[in-house]
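One-letter residues, chain by chain:
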Amino acid sequence: MNLRPAALFVLCLLAVGGCSSAPAHGDADSLPVPLDGVTVVAERQAGALHEAEERSVEACMQRRGFTYEPVPGGRYVSANPYGLLTEDAAGADGYGLASVALAGPAEDPNTAAVARLAEPRRTAWQKALIGTGERQITLTASGAPTLRVNTDGCVYLARRDVYGGAWEQAEVDATGAATEIVAQVVASPEFVAAQKTWAACMAEQGEKVTTLQQARRLIQEAVLRAGGDRSALLRTGRREQQLARRDALCQSRGDLAEATRTAQEHVQARLPESSWTKARRVGELRERALRRTGA
(Lines give C-alpha, C1' and ligand atoms only; values in the text may rest on other atoms or scores of the structure.)
Protein backbone atom coordinates (compact mmCIF):
# COMPACT_ATOMS: atom_id res chain seq x y z
CA MET A 1 0.00 0.00 0.00
CA ASN A 2 1.46 3.31 -1.03
CA LEU A 3 0.49 5.52 1.87
CA ARG A 4 2.29 8.59 0.72
CA PRO A 5 2.43 9.36 -3.02
CA ALA A 6 6.05 10.17 -3.76
CA ALA A 7 5.14 12.24 -6.78
CA LEU A 8 3.04 14.66 -4.75
CA PHE A 9 5.71 17.31 -4.62
CA VAL A 10 8.42 15.96 -6.91
CA LEU A 11 9.10 18.15 -9.92
CA CYS A 12 11.29 16.91 -12.74
CA LEU A 13 13.07 18.69 -15.48
CA LEU A 14 10.67 17.17 -17.97
CA ALA A 15 12.24 18.78 -21.00
CA VAL A 16 15.08 16.29 -20.87
CA GLY A 17 13.42 13.46 -18.96
CA GLY A 18 15.42 13.40 -15.76
CA CYS A 19 14.99 14.29 -12.11
CA SER A 20 17.84 15.96 -10.37
CA SER A 21 18.06 15.55 -6.62
CA ALA A 22 21.77 15.52 -5.92
CA PRO A 23 25.04 14.95 -7.70
CA ALA A 24 25.88 11.27 -7.54
CA HIS A 25 29.61 11.90 -7.15
CA GLY A 26 31.78 14.84 -6.24
CA ASP A 27 33.18 15.37 -9.71
CA ALA A 28 29.65 15.87 -11.04
CA ASP A 29 29.71 19.25 -9.28
CA SER A 30 31.79 20.63 -12.14
CA LEU A 31 29.13 19.90 -14.76
CA PRO A 32 26.97 22.83 -15.90
CA VAL A 33 23.47 23.12 -14.45
CA PRO A 34 20.96 25.95 -14.89
CA LEU A 35 20.63 28.92 -12.54
CA ASP A 36 23.82 28.20 -10.60
CA GLY A 37 22.45 24.83 -9.51
CA VAL A 38 19.49 26.17 -7.55
CA THR A 39 17.37 23.12 -8.46
CA VAL A 40 20.09 20.71 -7.29
CA VAL A 41 20.32 19.69 -3.63
CA ALA A 42 23.33 17.92 -2.13
CA GLU A 43 22.50 14.45 -0.84
CA ARG A 44 23.34 15.23 2.79
CA GLN A 45 21.17 18.34 2.72
CA ALA A 46 18.32 16.51 1.01
CA GLY A 47 18.46 13.90 3.76
CA ALA A 48 18.39 16.52 6.52
CA LEU A 49 15.43 18.28 4.94
CA HIS A 50 13.56 15.01 4.48
CA GLU A 51 14.06 14.16 8.15
CA ALA A 52 12.80 17.60 9.18
CA GLU A 53 9.69 17.18 7.04
CA GLU A 54 9.01 13.74 8.48
CA ARG A 55 9.31 15.01 12.06
CA SER A 56 6.87 17.77 11.23
CA VAL A 57 4.46 15.28 9.62
CA GLU A 58 4.64 13.15 12.78
CA ALA A 59 3.80 16.13 15.00
CA CYS A 60 0.94 17.18 12.72
CA MET A 61 -0.57 13.69 12.69
CA GLN A 62 -0.32 13.46 16.48
CA ARG A 63 -2.21 16.75 16.82
CA ARG A 64 -4.95 15.17 14.69
CA GLY A 65 -5.11 12.10 16.90
CA PHE A 66 -3.13 9.68 14.73
CA THR A 67 0.09 7.75 15.14
CA TYR A 68 2.70 8.29 12.44
CA GLU A 69 6.24 6.92 12.19
CA PRO A 70 8.71 9.02 10.14
CA VAL A 71 9.60 7.36 6.85
CA PRO A 72 13.36 6.98 6.24
CA GLY A 73 14.81 8.74 3.23
CA GLY A 74 15.49 6.56 0.21
CA ARG A 75 18.27 6.67 -2.32
CA TYR A 76 18.13 9.36 -4.96
CA VAL A 77 18.42 8.85 -8.70
CA SER A 78 20.63 11.69 -9.80
CA ALA A 79 20.70 13.10 -13.28
CA ASN A 80 22.33 16.13 -14.75
CA PRO A 81 19.46 18.00 -16.47
CA TYR A 82 21.33 17.98 -19.79
CA GLY A 83 22.24 14.31 -19.54
CA LEU A 84 25.91 15.03 -18.89
CA LEU A 85 27.99 12.38 -17.19
CA THR A 86 31.59 12.19 -15.99
CA GLU A 87 33.78 9.15 -16.54
CA ASP A 88 34.32 8.71 -12.80
CA ALA A 89 30.60 8.74 -12.09
CA ALA A 90 29.86 6.36 -14.96
CA GLY A 91 32.53 3.94 -13.77
CA ALA A 92 31.28 4.00 -10.20
CA ASP A 93 27.54 3.56 -10.72
CA GLY A 94 26.57 3.98 -14.37
CA TYR A 95 23.51 6.21 -14.42
CA GLY A 96 22.57 5.07 -10.91
CA LEU A 97 19.30 3.53 -12.10
CA ALA A 98 19.73 -0.21 -11.60
CA SER A 99 21.41 0.20 -8.21
CA VAL A 100 18.51 2.29 -6.91
CA ALA A 101 16.01 -0.25 -8.25
CA LEU A 102 17.95 -3.06 -6.58
CA ALA A 103 17.97 -1.19 -3.27
CA GLY A 104 14.22 -0.72 -3.49
CA PRO A 105 12.16 2.05 -1.91
CA ALA A 106 12.57 2.97 1.71
CA GLU A 107 10.28 0.84 3.84
CA ASP A 108 7.30 2.76 5.18
CA PRO A 109 6.97 1.84 8.88
CA ASN A 110 3.31 2.91 8.84
CA THR A 111 2.09 0.38 6.28
CA ALA A 112 1.34 -2.57 8.55
CA ALA A 113 -0.22 -0.49 11.34
CA VAL A 114 -2.49 1.44 8.99
CA ALA A 115 -3.56 -1.76 7.22
CA ARG A 116 -4.83 -3.08 10.58
CA LEU A 117 -7.11 -0.08 11.11
CA ALA A 118 -10.83 -0.35 10.49
CA GLU A 119 -11.81 1.13 7.13
CA PRO A 120 -13.25 4.44 8.43
CA ARG A 121 -10.21 5.03 10.63
CA ARG A 122 -7.82 4.09 7.81
CA THR A 123 -9.52 6.50 5.43
CA ALA A 124 -9.39 9.24 8.05
CA TRP A 125 -5.68 8.56 8.61
CA GLN A 126 -4.90 8.87 4.91
CA LYS A 127 -6.92 12.06 4.56
CA ALA A 128 -5.15 13.55 7.55
CA LEU A 129 -1.84 12.74 5.91
CA ILE A 130 -2.33 13.81 2.29
CA GLY A 131 -5.46 15.96 2.50
CA THR A 132 -9.03 15.63 1.40
CA GLY A 133 -8.96 17.28 -2.02
CA GLU A 134 -11.45 19.84 -0.78
CA ARG A 135 -8.84 22.53 -0.19
CA GLN A 136 -6.46 22.60 -3.11
CA ILE A 137 -4.23 25.21 -4.63
CA THR A 138 -3.10 25.12 -8.24
CA LEU A 139 0.47 26.18 -8.88
CA THR A 140 1.57 27.23 -12.35
CA ALA A 141 4.69 28.69 -13.88
CA SER A 142 6.06 29.01 -17.38
CA GLY A 143 8.02 25.87 -18.24
CA ALA A 144 6.65 23.83 -15.34
CA PRO A 145 3.79 21.34 -15.20
CA THR A 146 0.66 22.46 -13.37
CA LEU A 147 0.74 21.19 -9.80
CA ARG A 148 -2.35 20.72 -7.64
CA VAL A 149 -1.63 20.52 -3.94
CA ASN A 150 -3.92 19.61 -1.04
CA THR A 151 -3.37 22.24 1.61
CA ASP A 152 -5.25 20.47 4.41
CA GLY A 153 -2.96 17.44 4.73
CA CYS A 154 0.00 17.01 7.03
CA VAL A 155 2.37 16.45 4.09
CA TYR A 156 1.74 19.99 2.83
CA LEU A 157 1.62 21.50 6.31
CA ALA A 158 4.96 19.90 7.16
CA ARG A 159 6.62 21.39 4.08
CA ARG A 160 5.18 24.78 4.98
CA ASP A 161 6.55 24.35 8.50
CA VAL A 162 10.04 23.47 7.21
CA TYR A 163 10.34 25.86 4.25
CA GLY A 164 7.71 28.53 4.80
CA GLY A 165 4.47 29.32 3.04
CA ALA A 166 6.12 30.70 -0.10
CA TRP A 167 8.03 27.49 -0.87
CA GLU A 168 5.63 25.60 -3.13
CA GLN A 169 5.26 28.40 -5.67
CA ALA A 170 8.94 29.29 -5.44
CA GLU A 171 9.94 25.71 -6.24
CA VAL A 172 7.58 25.57 -9.22
CA ASP A 173 8.88 28.93 -10.48
CA ALA A 174 12.53 27.89 -10.24
CA THR A 175 11.90 24.49 -11.82
CA GLY A 176 10.03 26.11 -14.70
CA ALA A 177 12.81 28.64 -15.29
CA ALA A 178 15.47 25.92 -15.22
CA THR A 179 13.47 23.73 -17.60
CA GLU A 180 13.18 26.55 -20.12
CA ILE A 181 16.94 27.13 -19.94
CA VAL A 182 17.60 23.44 -20.59
CA ALA A 183 15.24 23.44 -23.58
CA GLN A 184 17.05 26.41 -25.13
CA VAL A 185 20.51 24.98 -24.46
CA VAL A 186 19.80 21.57 -26.01
CA ALA A 187 18.44 23.35 -29.11
CA SER A 188 21.49 25.62 -29.43
CA PRO A 189 23.98 25.18 -32.30
CA GLU A 190 26.82 24.51 -29.83
CA PHE A 191 25.00 21.68 -28.07
CA VAL A 192 23.54 20.18 -31.25
CA ALA A 193 26.97 20.04 -32.91
CA ALA A 194 28.63 18.53 -29.84
CA GLN A 195 25.87 15.95 -29.50
CA LYS A 196 26.36 14.90 -33.13
CA THR A 197 30.04 14.35 -32.42
CA TRP A 198 29.07 12.32 -29.36
CA ALA A 199 26.59 10.24 -31.38
CA ALA A 200 29.25 9.44 -33.98
CA CYS A 201 31.59 8.31 -31.21
CA MET A 202 28.82 6.18 -29.70
CA ALA A 203 28.24 4.55 -33.10
CA GLU A 204 31.92 3.63 -33.19
CA GLN A 205 31.40 1.99 -29.80
CA GLY A 206 28.48 -0.03 -31.18
CA GLU A 207 25.72 2.11 -29.63
CA LYS A 208 22.95 3.36 -31.92
CA VAL A 209 21.74 6.47 -30.09
CA THR A 210 21.37 10.04 -31.26
CA THR A 211 20.75 11.96 -28.03
CA LEU A 212 22.09 11.81 -24.49
CA GLN A 213 18.62 11.27 -23.12
CA GLN A 214 18.02 8.36 -25.47
CA ALA A 215 21.02 6.52 -24.02
CA ARG A 216 19.79 6.94 -20.46
CA ARG A 217 16.24 6.05 -21.47
CA LEU A 218 17.41 2.64 -22.74
CA ILE A 219 18.36 1.75 -19.17
CA GLN A 220 15.25 3.34 -17.66
CA GLU A 221 13.08 1.16 -19.88
CA ALA A 222 15.11 -1.96 -19.06
CA VAL A 223 14.72 -1.27 -15.33
CA LEU A 224 10.96 -0.93 -15.77
CA ARG A 225 10.79 -4.18 -17.72
CA ALA A 226 12.79 -5.96 -15.01
CA GLY A 227 10.35 -4.92 -12.30
CA GLY A 228 11.28 -6.72 -9.10
CA ASP A 229 13.26 -9.48 -10.85
CA ARG A 230 16.65 -9.24 -9.15
CA SER A 231 18.47 -11.31 -11.79
CA ALA A 232 17.10 -9.11 -14.55
CA LEU A 233 18.09 -5.97 -12.62
CA LEU A 234 21.62 -7.29 -12.17
CA ARG A 235 21.88 -7.94 -15.90
CA THR A 236 20.52 -4.46 -16.56
CA GLY A 237 23.11 -3.06 -14.16
CA ARG A 238 25.94 -4.67 -16.08
CA ARG A 239 24.58 -3.31 -19.35
CA GLU A 240 24.13 0.09 -17.69
CA GLN A 241 27.79 0.17 -16.66
CA GLN A 242 28.88 -0.64 -20.21
CA LEU A 243 26.63 1.94 -21.83
CA ALA A 244 27.36 4.68 -19.29
CA ARG A 245 31.12 4.24 -19.63
CA ARG A 246 30.84 4.56 -23.40
CA ASP A 247 28.50 7.52 -22.99
CA ALA A 248 30.90 9.36 -20.67
CA LEU A 249 33.91 8.53 -22.84
CA CYS A 250 32.23 9.97 -25.91
CA GLN A 251 31.07 13.03 -24.01
CA SER A 252 34.66 13.64 -22.99
CA ARG A 253 36.00 13.16 -26.50
CA GLY A 254 33.48 15.64 -27.89
CA ASP A 255 34.00 18.13 -25.03
CA LEU A 256 30.25 18.11 -24.58
CA ALA A 257 30.29 19.57 -21.08
CA GLU A 258 32.20 22.63 -22.26
CA ALA A 259 29.89 23.11 -25.25
CA THR A 260 26.92 22.90 -22.88
CA ARG A 261 28.50 25.39 -20.51
CA THR A 262 29.11 27.84 -23.35
CA ALA A 263 25.55 27.50 -24.63
CA GLN A 264 24.15 27.88 -21.12
CA GLU A 265 26.13 31.08 -20.59
CA HIS A 266 24.65 32.51 -23.78
CA VAL A 267 21.11 31.54 -22.79
CA GLN A 268 21.41 32.79 -19.23
CA ALA A 269 22.88 36.09 -20.36
CA ARG A 270 19.53 36.80 -22.00
CA LEU A 271 17.42 35.84 -19.01
CA PRO A 272 15.12 38.48 -17.53
CA GLU A 273 15.94 39.56 -14.01
CA SER A 274 12.71 37.89 -12.88
CA SER A 275 14.22 34.45 -13.57
CA TRP A 276 17.21 35.19 -11.36
CA THR A 277 14.89 36.56 -8.70
CA LYS A 278 12.99 33.26 -8.70
CA ALA A 279 16.24 31.35 -8.45
CA ARG A 280 17.47 33.42 -5.54
CA ARG A 281 14.13 33.06 -3.77
CA VAL A 282 14.07 29.28 -3.79
CA GLY A 283 17.73 29.20 -2.76
CA GLU A 284 17.09 31.54 0.15
CA LEU A 285 14.12 29.52 1.36
CA ARG A 286 16.10 26.28 1.22
CA GLU A 287 19.06 27.81 3.04
CA ARG A 288 16.74 29.12 5.74
CA ALA A 289 15.24 25.65 6.13
CA LEU A 290 18.70 24.11 6.36
CA ARG A 291 19.73 26.56 9.06
CA ARG A 292 16.64 25.65 11.06
CA THR A 293 17.43 21.95 10.75
CA GLY A 294 21.05 22.52 11.72
CA ALA A 295 22.31 20.92 8.49
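Residues numbered from 1 in each chain as written. Predicted model: local features only at pLDDT ≥ 70, side-chain atom pairs only at ≥ 80, totals over all residues. Heavy atoms only, no water.

## Observations concerning the nonpolar core
Here's step 1: Of all hydrophobic cores here, the largest spans 51 residues; its most connected members are Leu 35, Tyr 95 and Trp 198.
Here's step 2: Take this core: its biggest share by element is eight residues, from helix α7 (residues 167-186).
Here's step 3: Setting aside residues no more than four positions away along its own chain, Leu 35 makes contact with Ala 174, Ala 177, Ala 178, Ile 181, Gln 268, Leu 271, Ser 275, Trp 276 and Ala 279.
Here's step 4: Among the nonpolar cores identified, the runner-up in size contains 21 residues, and Tyr 68, Val 71, Val 114 and Ala 141 belong to it. (Core = buried A, V, L, I, M, F, W, Y, C linked by side-chain atoms within 4.5 Å. Buried < 20%, exposed > 50% of the residue type's maximum accessible area, 1.4 Å probe, protein only. Helix = DSSP H or I, 4+ residues; strand = E, 2+ residues; numbered from the N terminus. Contact = heavy atoms within 4.5 Å.)

## Things to note about unusual backbone geometry
Here's step 1: Backbone geometry places Asp 36, a non-glycine residue, at a positive phi of 55°.
Here's step 2: Despite not being glycine, Asp 255 has its phi angle at roughly 50°, a positive value.
Here's step 3: Residue placement: Asp 255 occurs in the loop between α10 (230-253) and α11 (256-269).
Here's step 4: Look at Asp 255 and you get partly exposed, because its relative accessible area is 47%.

## Considering the state of the cysteines
In protein structure, a disulfide is the covalent linkage between the sulfur atoms of two cysteines.
Here's step 1: This model, assessed by the stated rule, comprises two disulfides.
Here's step 2: Covalently, Cys 60 is tied to Cys 154 through a disulfide, its sulfur atoms 2.0 Å apart. Across the S-S bond of Cys 60 and Cys 154 the torsion is about -75°, and the bridge reads as left-handed. Linking Cys 60 in helix α1 (residues 43-63) with Cys 154 in helix α6 (residues 154-163), this pair joins segments that are 94 residues apart in sequence. (Disulfide = S-S within 2.5 Å.)

## Details of the packing of aromatic side chains
Here's step 1: Tallied over the full model, the rule gives two aromatic pairs.
Here's step 2: Look at Tyr 163 and Trp 167: their rings are 4.1 Å apart centre to centre, the planes differ by 15°, and that puts the pair in the stacked class. Judged on exposure class, the residue Tyr 163 and its partner Trp 167 are both buried. (Phe/Tyr/Trp six-rings, centres within 6.5 Å; stacked < 30°, edge-to-face > 60°.)

## A few points about the confidence of the model for the protein chain
Here's step 1: Of the residues in the protein chain, 89% reach a pLDDT of 70 or more, and the chain-wide mean stands at 88.
Here's step 2: Here residues 5-27 is a poorly scored stretch, pLDDT under 50, and it has 62 contacts once near neighbours within four places are set aside; other chains count. (pLDDT = per-residue confidence, 0-100.)

## Focus on helix α12 (residues 273-293)
Here's step 1: Over its 21 residues, α12 runs 30 Å from end to end, which matches the ideal 30 Å to within 8%, given 1.5 Å per residue.
Here's step 2: At its buried positions, α12 is contacted by α1, α6, α7 and α11.
Here's step 3: Where α12 terminates, the next one or two residues include Gly 294, which has phi positive at roughly 80°. (Expected span 1.5 Å × (residues − 1).)

## A look at the packing of helix α8 (residues 189-204) against α11
Here's step 1: Contact geometry of α8 with α11 gives a least axis separation of 8 Å together with a crossing angle of 165°. Considering the angle they form, α8 stands roughly antiparallel to α11. Here α8 runs over α11; the crossing is left-handed. On α11, the residues touching Glu 190, Phe 191, Ala 194, Gln 195 and Trp 198 of α8 are Leu 256, Ala 259, Thr 260, Thr 262, Ala 263 and His 266.
Here's step 2: Looking at the contact of α8 with α11 residue by residue, the class counts come to six nonpolar, four polar and one charged. (Axes fitted to C-alpha atoms, helices over the stretch in contact; angles between N-to-C directions. Parallel < 35°, antiparallel > 145°, perpendicular 65-115°, else oblique. Left-handed = near helix turned anticlockwise from the far one by under 90°. Nonpolar A, V, L, I, M, F, W, Y, C, P; charged D, E, K, R; others polar.)

## Structural notes on the packing of α6 against α12
Here's step 1: Interhelical geometry of α6 versus α12 gives an angle of 90° and a closest axis separation of 8 Å. Relative to α12, the element α6 lies roughly perpendicular. In this structure, α6 uses Asp 161, Val 162 and Tyr 163 to contact α12, whose residues at the interface are Leu 285, Arg 286, Ala 289 and Arg 292.
Here's step 2: Here the contact of α6 with α12 is built from residues that sort into four nonpolar, no polar and three charged.

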